[in-house]
Amino acid sequence: GKYLYVRKRVFGTITSKYVDKYSDELYQILLKSTKEARLLRKEIRRIEKELLNKGYTVENLSPRILLNIDFARVNMKSLIYDQAILEGVGTTYVQTETIIENGVVNGVSSEDVQKILNLKRAWEFILDKDVIQSKTDYYILSYIAKIINEGLIDTGGRIRGVPVKIGGSNYIPPIPIESTVKEEIDKIIKCNKDEIDIAIDLCLYSMKTQIFLEGNKRASSIFANNYLINKTKGLLVIPFNEVSEFKKL
């Protein structure tokens, strides 16, 4: 048979990626896509050159933000362990550490392993230097929720459209309206409060509103930390030994 591959240079090395069995239609689509990609790269280089001539430079992160990012990275395993306990994952610290490092461990359900790996990916996402510089808003929260729920539910990053209950409480949160959630998050961020209090409000609002079908506590706390790290204010952590008190309050 005849088959189609795409060849490209990656870090100085020519690589080949299999596409599909050969057909004239697919071959023409690949030719067109390659030509369009070449033109786009040329246009990007032109724009970058023009920006450089106008004196534009990429904004560097402040030393304090970089220090906050390093602090989060060093403590990531502990942060993930605390969040896993908050969500009812019954792994020990050693098991959590093993899952983060190797992705597998004996005696732990596949669902719990997936939750811990998703937490790792969500933290890596918010610690990306471009993400740290991005605006803290509903869209960042939604993407965090999507990562948190990957491989667990299909509607991970979408606003829920069905009723839910909060365990241990008689309170039934109303079904959220996306426009209202966006406005409330924006209102919290713009209010005249200390930045640490704003982060706490962001976290608790997102948790209590139950914006998503699953993973609200995990997504909310990581969302608040995205804001805190940007503001160089440390980290918001609910320690594993305070989880029962936190849930009661």
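Structure: see above.
We now turn to the structure provided with this report. Bear in mind the structure is a predicted one, so any value in this text is a computation, not a measurement.

Some thoughts on the pattern of salt bridges
Per the counting criterion, the structure on display carries 13 salt bridges. Ionic pairing is found between E178 and K182, a salt bridge with its closest N-O pair at 3.2 Å. Placement of both E178 and K182 in helix α8 (residues 178–190) is noted, with a separation of four residues, approximately one turn of the helix. One salt bridge in this structure joins K248 and E245, with 3.6 Å as the shortest N-O distance. Of the two residues, K248 and E245 both sit in helix α11 (residues 243–248), three residues apart, roughly one turn of that helix. Look at the salt bridges and you will find they share partners, linking E43, R46 and E50 into a network.

Regarding the packing of helix α2 (residues 63–74) against helix α10 (residues 216–230)
For any two helices packed against each other, the geometry comes down to the angle between their axes and how far apart the axes lie. Contact geometry of α2 with α10 gives a least axis separation of 8 Å together with a crossing angle of 140°. In terms of their interaxial angle, α2 and α10 are classed as oblique. Judged by residue contacts, I65, N68, I69 and A72 of α2 engage L228, I229 and N230 from α10. Partitioned by chemical class, the residues of the contact of α2 with α10 number five nonpolar, two polar and no charged.

Quick notes on the state of the cysteines
Inspection of the entire model under this criterion finds zero disulfides. No disulfide involves C203; its nearest neighbouring cysteine sulfur is the one of C191, lying 15 Å away. Of the residues examined, C203 reaches a relative accessible area of 3% and is grouped as buried.

Rules used in this analysis
Residues numbered from 1 in each chain as written. Predicted model: local features only at pLDDT ≥ 70, side-chain atom pairs only at ≥ 80, totals over all residues. Heavy atoms only, no water. Salt bridge = Lys/Arg side-chain N within 4 Å of Asp/Glu carboxyl O. Helix = DSSP H or I, 4+ residues; strand = E, 2+ residues; numbered from the N terminus. Axes fitted to C-alpha atoms, helices over the stretch in contact; angles between N-to-C directions. Parallel < 35°, antiparallel > 145°, perpendicular 65-115°, else oblique. Contact = heavy atoms within 4.5 Å. Nonpolar A, V, L, I, M, F, W, Y, C, P; charged D, E, K, R; others polar. Disulfide = S-S within 2.5 Å. Buried < 20%, exposed > 50% of the residue type's maximum accessible area, 1.4 Å probe, protein only.

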